[in-house]
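Take a look at the letters that make up each chain.
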Amino acid sequence: QVQLVESGGGLVQAGGSLRLSCAASGSIGRPNAMSWYRQAPGKGRELVASITSGDRTNVTDSVKGRFAISRDYAKNTVYLQMNSLKPEDTAVYYCNVKQFFPYADYWGQGTQVTVSS
């Protein structure tokens, strides 16, 4: 069983930066993908960024150029560097790990990011 522990959320002014971390305990088989999702109040959960075990990255258009995803294999940790934050980035951010063979899907508890104008 894989457990995910997120950290790094908080309150920041517009234009500021935050770095989210998600540490995974337990063994994750390859291939896999580590991702960040977010859910704003009254909205559905959306994919923000993902990175595969082959280091292929994907970032949603609304944050492209401002957010970057990376992972440290030795620490089994995925990061989300968020720059030039906007009030519309306010949401609960969730870490997700998908292992493809056999399939498994793990979620973190979420971390709140609030951007004030």
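Conventions adopted
- The residue numbering used here restarts from 1 in each chain and proceeds along that chain's sequence as written.
- Owing to the predicted nature of the model, reporting of local features is limited to residues with pLDDT of at least 70; listing and counting of side-chain atom pairs is limited to 80 or more, with chain, interface and lining totals taken over all residues.
- Only heavy atoms go into the side-chain values, all of them from the structure, while hydrogens and water stay out.
- By disulfide we mean two sulfur atoms from cysteines, separated by a distance within 2.5 Å.
- Strands are runs of DSSP state E lasting at least 2 residues, helices are runs of H or I lasting at least 4, and numbering of each runs from the N terminus.
- Working definition: with a 1.4 Å probe on protein chains only, accessible area under 20% of the residue-type maximum means buried, over 50% means exposed, and in between means partly exposed.
- Here a patch means residues that are over 30% exposed by relative accessible area and free of salt bridges, tied together within 9 Å if like-charged and within 5 Å if nonpolar (Val, Leu, Ile, Met, Phe, Trp, Tyr).
- Every accessible area reported is derived by Shrake-Rupley at a probe size of 1.4 Å, with residue values counting cover from the shown protein chains alone.
- Salt bridges are identified by distance alone: a Lys or Arg side-chain nitrogen within 4 Å of an Asp or Glu carboxyl oxygen.
- Two strands form a pair only when DSSP identifies at least two bridges running between them.

## A short note on the state of the cysteines
Covalently bonding the sulfur atom of one cysteine to the sulfur atom of another cysteine gives a disulfide. For the structure on display, the rule yields 1 disulfide. One disulfide bridge connects Cys22 with Cys95, the sulfur atoms lying 2.1 Å from each other. On the S-S bond that ties Cys22 to Cys95, the torsion sits near -80°, and the link is left-handed. Of this pair, Cys22 sits in strand β3 (residues 18-25) while Cys95 sits in strand β9 (residues 91-100), placing them 73 residues apart in sequence. As far as burial versus exposure is concerned, Cys22 and Cys95 are alike and both buried.

## Things to note about a nonpolar patch on the surface
The grouping of Phe100, Phe101 and Tyr103 at the surface amounts to a nonpolar patch, some 380 Å² of accessible area in total. Counting through the fold element by element, Phe100 comes out in strand β9.

## Focus on the pairing of strand β5 (residues 45-52)
The sheet contact formed by strand β4 (residues 32-39) and β5 spans 7 bridges and is antiparallel. What sits directly across from Ser35, in β5, is Ser50. Remark: 5 residues form the turn of the hairpin made by β4 and β5, two consecutive strands paired antiparallel; Gly42 in that turn has positive phi of roughly 80°. Alignment of β5 against strand β6 (residues 57-59), held across 3 bridges, turns out to be antiparallel. Note that in β6 the partner of Ser50 across the bridge is Asn58. Where β5 hands over to β6, the hairpin turn is made up of 4 residues, of which Asp55 adopts a positive phi near 65°.

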